[in-house]
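Structure assessment
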Amino acid sequence: MIKPAEHILVIFGASGDLTKRKLLPALFELYYQKLLPDTYSVLGVGRTTLDDSSFRERMHEELPQHIAKEQHNRNLLKSFIHKLHYISLNTSVVKDYQKLIDKLIILCGDSNQTKNYIFYLATPPSLYTTITEALAYYGLNSNRNNAWTRIIIEKPFGYDLKSAKELNGKLLRYFNEDQIYRIDHFLGKETVQNVMVTRFSNGIFEPLWNRNYVHHVEITSAESIGVENRGGYYERSGALRDMVQNHLLQIAALIAMEPPSVNNPTAIRNETLKVFQSFKPLNRSDIEDQIIRGQYTSSTFRGNKMKGYRDEKGVGLESRTETYVAIKIYIDNWRWGGVPFYIRTGKRLPTRVTEAVIHFKPTPHKLFCFDEMQMNRDNQLIIRIQPDEGLLLKFGMKVPGTGFRVQEVNMDFHYSDLGDVKVPEAYQRLLLDCMNGDATLFTRGDAVEEAWRFIDPILEYWKSNSKNILHGYPAGTWGPKAAEELIEGKYLTWRYPCKNLTNDGIFCEL
Ligand code: BG6
């Protein structure tokens, strides 16, 4: 792996949750693997009054809770923590940024060499513009004397198409598109990247990967947790904005994209953009017919009393925000015309699982099928994104004995079979890629806007029709019953996955 060029990583919002739970553990993992530059500094910036030593003390307590047990090496932790620095400043006050300049000069050291910078905005999105303006005011936005500057921002990238365009416009006023790294952490997941590798490094799948052989595609991202302490944010968001507009449409794009001509960020992101541009727009009646919204209600699940969404902190008593959404979409292009893509996500479902299922068309002539149900059996390729990461192929085999009875069997690969190979955390991969200037796994501004262009009419319709159906589903179940009927075809239904890749069809999470 390439070791990145020397740089300083400045994290705005360093006293927040993301820094201690994801960013610093990912950086430590890179340090552990000797993938950080030899001299390295992380500068935390936040409103909380701390200095280098109090920030280090804090992180010394926090970090061990978020890293793997086998990495608890006292000396390494100590030397890593020594690389952390902190300044407190009011991010909304431009003149306060002089403190940042002063600190950067100190960190650049005696050599007074111009350093490369990454600015990571781990802040609420409302501060993105303020911070970029202030950085630009001090000239920290542009590449200088062979030194580069990059900026990382986290989703949400806007609230709808209009605000996404505004955000892009503001960012592009001060930074070039190739300096902006928009994180969709799903793209950092090893198994999401493996969608491309499965498709484009094997000769056997690609010839079948089209409307002639694929009956439909199913993408599920289920979570067993509720909204936790994020009720305030979630009320304004809902499942469609929170999961579908970004993570799940990205997965759909990787499944549906054309093979890029070369493996580089522009070629790959051009192809995913084309998928977004091909989503068939939904009109009013499509929205009514092709989308199911749900909200979890209180229930007793595995002996535990579970709150309904409306009882969660920060949530209105009459909230109509969806915590579940299932949607049928079409991709209007040569490869996928007429093939439905079913996407569903929800909070407080029975288990945490994300996977995509490619359902192949059944054989044209049923030689060995003796009942109607068997007739509709299809071959499925299941791409398990998390947990029990792996691939599963379902197909028919002869049951030993007389006659020609067919039974569905599994051919499976689990990442865990690779023994000592660890599936890295998304942030680790994404931080390293940004340090190395590889934007392949980051969302480009035009793709963000295109995804909103598809989602916007749905949000508009829901907003202007306050009576649109919102199904209740008891916490701990697979969501509204109505979602069952969304999948067309007799005997066809969603796959009900379990924690273990190969178990399905039963509620086996005990
Ligand atoms: C985030 C959403 O983007 O992704 C959360 O805001 C969701 O609501 C999370 O829980 C899921 O990510 P992961 O990596 O835990 O599957």
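Structure first, text after, so check above.
Residues numbered from 1 in each chain as written. Predicted model: local features only at pLDDT ≥ 70, side-chain atom pairs only at ≥ 80, totals over all residues. Heavy atoms only, no water.

Helix and strand content of the protein: 13 helices and 17 strands. What you see for the protein is a C-alpha radius of gyration of 24 Å, in line with the 24 Å of a compact globule of 510 residues. For the C-alpha atoms alone, the extent of the protein along its principal axes is close to 85 × 50 × 50 Å. A burial count over the protein gives 54% of its 510 residues as buried. In the protein, 77% of the contacts between residues at least 6 apart in sequence involve partners at least 24 apart. The averaged location of the 60 negative side-chain charges in the protein is 2 Å from the averaged location of its 64 positive side-chain charges. (Helix = DSSP H or I, 4+ residues; strand = E, 2+ residues; numbered from the N terminus. Rg over C-alpha atoms; globule rule 2.2 N^0.38 Å. Buried < 20%, exposed > 50% of the residue type's maximum accessible area, 1.4 Å probe, protein only. Contact = heavy atoms within 4.5 Å. Lys, Arg positive; Asp, Glu negative; His and termini not counted. Charge placed at Lys NZ, Arg CZ, Asp CG, Glu CD.)

A surface patch of nonpolar side chains, about 320 Å² in accessible area, is lined by L367, F368 and F404. The residue L367 is located in the loop between β13 (353-360) and α11 (372-375) in this model. (Patch = residues over 30% accessible without salt bridge, like charges linked within 9 Å, V, L, I, M, F, W, Y side chains within 5 Å. Areas by Shrake-Rupley, 256 points an atom, 1.4 Å probe, with all protein chains shown as cover. Salt bridge = Lys/Arg side-chain N within 4 Å of Asp/Glu carboxyl O.)

Below, the discussion takes up helix α9 (residues 265-278). An ideal rise of 1.5 Å per residue puts 20 Å on 14 residues; α9 measures up with 20 Å between its terminal C-alpha atoms. For α9, the set of buried residues is A267, I268, R269, E271, T272, L273, V275, F276 and S278. As for α9, its buried residues are in contact with α7 (190-200), α8 (231-256), β11 (324-330) and α13 (445-464). (Expected span 1.5 Å × (residues − 1).)

Let us now look at the sheet that holds β11. The strand order across the open sheet formed by 9 strands is β16-β15-β14-β13-β7-β12-β11-β8-β17, and the pairing between neighbours is mixed. Of all the strands in the sheet, the pair left with one neighbour each is β16 (406-414) and β17 (471-474). Ignoring strand direction, the axes of neighbouring strands in this sheet form an average angle of 20°. Bridge count between β13 and strand β14 (residues 380-386): 6 bridges; the pairing is antiparallel. Looking at the pairing, E355 lines up with R384 of β14. Set on the sheet, α7 makes contact with β14 and β15 (390-398); between it and β14 the angle comes to about 145°. (Pairing = 2+ DSSP bridges. Axes fitted to C-alpha atoms, helices over the stretch in contact; angles between N-to-C directions.)

Quick look at empty space enclosed by the protein now. For the coordinates displayed, the defined rule picks out 2 cavities of 30 Å³ or more. Taken as a whole, the largest cavity encloses approximately 120 Å³ of empty space. Surrounding the largest cavity, 15 residues form its lining, L187, Q250, R269, T272 and T440 being those nearest its centre. At the level of elements, α8, α9 and α13 are the ones that each hand at least two residues to the lining of the largest cavity. (1 Å grid on protein atoms, 1.4 Å probe; cavity = no way out; pocket = protein on both sides within 12 Å on 5 of 7 lines; lining within 4 Å. Points joined across faces, edges and corners; volume = space filled by probe spheres on them.)

In this section: helix α5 (residues 128-137). Within α5, 7 of the 10 residues are buried, which leaves it mostly tucked inside the rest of the structure. Where α5 terminates, the next one or two residues include G139, which has phi positive at roughly 70°.

Let us now look at the layout of surface pockets. To find the voids left in a structure, one rolls a probe of water-molecule size over its atoms. Taken as a whole, the largest pocket holds about 1,600 Å³ of empty space. L18, R21, H185, R230 and Y427 are, among the 46 residues lining the largest pocket, the residues nearest its centre. Only α1 (17-32), α7, β7 (214-222), α8, β14 and α12 (426-435) provide two or more residues apiece to the lining of the largest pocket. Across the lining of the largest pocket, the residue classes break down as 19 nonpolar, 11 polar and 16 charged. (Nonpolar A, V, L, I, M, F, W, Y, C, P; charged D, E, K, R; others polar.)

Another point: the nonpolar core. Ranked by internal contacts, the top residues of the largest apolar core, which has 151 residues, are F12, L27, L100, Y120, L249, I255 and F341. At 13 residues, α8 tops the list of elements feeding residues into this core. (Core = buried A, V, L, I, M, F, W, Y, C linked by side-chain atoms within 4.5 Å.)

Locating T321 in the fold gives a position in the loop between β10 (304-306) and β11. Owing to a relative accessible area of 10%, T321 belongs among the buried residues under this scheme. Filtering out sequence-adjacent residues up to four positions away, T321 remains in contact with Y234, E235, G238, R293, Q295, Y309 and L470.

Turning next to the site of the ligand. The full set of residues close to the ligand is K155, H185, F186, K189, E223, R230, D242, M243, H247, K347, R352 and Q386. The contact in question runs from an oxygen atom of the ligand to an N or O atom on the side chain of H185, over 2.8 Å. Residue R352 places a side-chain N or O atom 3.3 Å away from an oxygen atom belonging to the ligand. A majority-of-atoms criterion places the ligand in the largest pocket. If you tally residues by element for the shell around the ligand, the top one is α8, at 3 residues. Its residues assigned to classes, the shell around the ligand shows 2 nonpolar, 3 polar and 7 charged. (Near = heavy atom within 4 Å. Polar contact = N/O pair within 3.5 Å; in protein donor to acceptor, adjacent residues only side chain to side chain. Sits in = over half its atoms within 2 Å of the grid points.)

By themselves, these are just geometric observations and shouldn't be taken as functional.
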